[in-house]
Amino acid sequence: MSSCDCSGHQNVFSDRMAERDLKRYLADGPDGPTRLLVEAIRLQGVEAATVLDIGGGVGAVQFELLTAGASSAVSVDASPAFIAVARREAERRGLADRIAQREGDFVALAPEVASADVVTLVRVVCCYAVMPELLGRSAHHARRMLGVVYPRDAWWTRTGARLFNVAHRLTRDGFRIHVHREVEMDRLIRDAGFERQLLRRGPLWQVALYVRSPEAPAQP
Ligand SMILES: C[S@@+](CC[C@H](N)C(=O)[O-])C[C@H]1O[C@@H](n2cnc3c(N)ncnc32)[C@H](O)[C@@H]1O
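Small disclaimer: the values here were computed from a predicted structure and weren't measured.

Here's the deal with the overall build of the chain
- Check the secondary structure of the chain and you find 9 helices and 7 strands.
- Relative to its length of 220 residues, the chain is compact, with a C-alpha radius of gyration of 16 Å against a globular reference of 17 Å.
- By its C-alpha atoms, the chain is 45 × 40 × 35 Å across when sized along the principal axes.
- Summarising the internal contacts of the chain: among those between residues at least 6 apart in sequence, 71% fall at separations of at least 24.

Listed below in C-alpha cells is the structure:
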C-alpha cells in the first residue's frame, strides 16, 4: 500500500511550477545541493551507468548524469506536469531515446521498475509521510549508489514544515511536507547494505551519497 497523496502533489507540482523550475535550471544550471550530489556521483564513476531518478522534476539529475557518461535513465514522478516538461526538455536535448518517463507514485510502481546502478531522490523523501516505504524501495532498486537530498533534520526545518502544513490544511489540499529523522534514514540505508560516502549539511537541505558495500549481496 502507498502513503502518497499524489492528488495533493498535483496542486503543488503544477504546470506553472514545472515551467518555473525548468526556466531556473536553464538559466543557472542545477541548484547547489543537486550540483553537489551529481559531482559526488560523478567522482564514483558513472560511465555507462543506468540511473533511476525518483521524483526527478524537470530532469536536472538525469541530464547532468547522462552528460557525465551515464548510459540511460528512468524518471518516475507523481506529477504529470513535471513529467511533461521533463519529456519536452529531453526531446529538445536529443536525449529522449535515453530517458524513459513513468508517471506515478514510485512506491506503487516499484515492482514494475527495473533496478539501476544509481538511484537518486532529490527533495522527494520530504513529500512522503512513511519514509521507510519510499526509501526502502529506493535502496532496494540501487545496485551501486543511492543519492538523497532531504531537509536538514533541525528545529527550524520542522517549524517551517509545520507552518507550511498548516497553510496547506487550510486550503484543503492533501500535500504535506515531512522532515524525517536523519538517524532513521541513515540506519535504513545502511541496513540495506550501503556505506555513506558523503554527508553535507546546508541550512535547509542535506546531501547524502551512499555506496553499496562490497560485502552486501548484489542486486539483480
Ligand atoms: C520538490 S519536487 C523535486 C523535483 C526535483 N527532484 C528537484 O529537486 O528539482 C518533488 C518531486 O517529487 C515527486 N514525488 C513526490 N513523491 C513521489 C513519489 N512517491 N513517487 C514519485 N514521485 C514523487 C513530485 O511529483 C515532484 O515532482
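Next comes the rest of the write-up.
Here we look at unusual backbone geometry
- Positive phi, close to 65°, is recorded for Ala 48, a residue that is not glycine.
- Within the element layout of this structure, Ala 48 appears in the loop between α3 (32–44) and β1 (50–54).
- The class for Ala 48 is exposed, based on 10 C-beta atoms found within 10 Å.
- For Arg 123, which is not a glycine, the phi torsion comes out positive at approximately 60°.
- Inspection of the secondary structure puts Arg 123 in the loop between β4 (116–122) and α7 (131–140).

Describing the nonpolar core
- By size, the foremost hydrophobic cluster in this structure holds 57 residues, and its most contacted members are Leu 65, Val 118 and Leu 146.
- If we skip the residues at most four places from it in the chain, Val 118 touches Ile 41, Val 46, Ala 49, Val 51, Leu 65, Arg 144 and Met 145.

Side note on the sheet that holds strand β5 (residues 142–151)
- The strand order across the open sheet built from 7 strands is β3-β2-β1-β4-β5-β7-β6, with neighbouring strands paired in mixed fashion. Whereas interior strands pair on both sides, the edge strands pair on one side only; in this sheet they are β3 (99–103) and β6 (194–201). Within the sheet, the average angular offset between the axes of one strand and its neighbour, ignoring direction, is 15°.
- Both β1 and strand β2 (residues 72–77) contribute to a ladder of 5 bridges, which runs parallel. Bridge pairing in β2 places Asp 53 opposite Ser 75.
- In the packing of helix α5 (residues 80–92) onto the sheet, contacts are made with β2 and β3, and the angle to β3 comes to roughly 165°.

Brief notes about the site of the ligand
- Around the ligand, 23 residues are found, and the nearest of them are Gly 55, Gly 57, Ala 78, Ser 79 and Cys 127.
- Looking at the shell around the ligand, the elements with two or more residues in it are β2 and α6 (106–109).
- Of the residues assigned to the shell around the ligand, the class counts are 14 nonpolar, 5 polar and 4 charged.

Examining the packing of α7 against helix α9 (residues 182–191)
- Contact geometry for α7 and α9: axes closest at 10 Å, N-to-C directions at 35°. Note that α7 runs across α9; the crossing there is right-handed. On the side of α7, the interface is formed by Met 131, Pro 132, Leu 135, Gly 136 and Ala 139, while α9 contributes Glu 184, Met 185, Leu 188 and Ile 189.
- Looking at the contact of α7 with α9 residue by residue, the classes come out as 7 nonpolar, 1 polar and 1 charged.

The rules behind these values
- Residues numbered from 1 in each chain as written.
- Predicted model: local features only at pLDDT ≥ 70, side-chain atom pairs only at ≥ 80, totals over all residues.
- Helix = DSSP H or I, 4+ residues; strand = E, 2+ residues; numbered from the N terminus.
- Rg over C-alpha atoms; globule rule 2.2 N^0.38 Å.
- Contact = placed C-beta atoms within 7 Å.
- Buried ≥ 20, exposed ≤ 12 C-beta atoms within 10 Å, placed from the backbone.
- Core = buried A, V, L, I, M, F, W, Y, C linked by C-beta atoms within 7 Å.
- Pairing = 2+ DSSP bridges.
- Axes fitted to C-alpha atoms, helices over the stretch in contact; angles between N-to-C directions.
- Near = placed C-beta within 6 Å.
- Nonpolar A, V, L, I, M, F, W, Y, C, P; charged D, E, K, R; others polar.
- Left-handed = near helix turned anticlockwise from the far one by under 90°.

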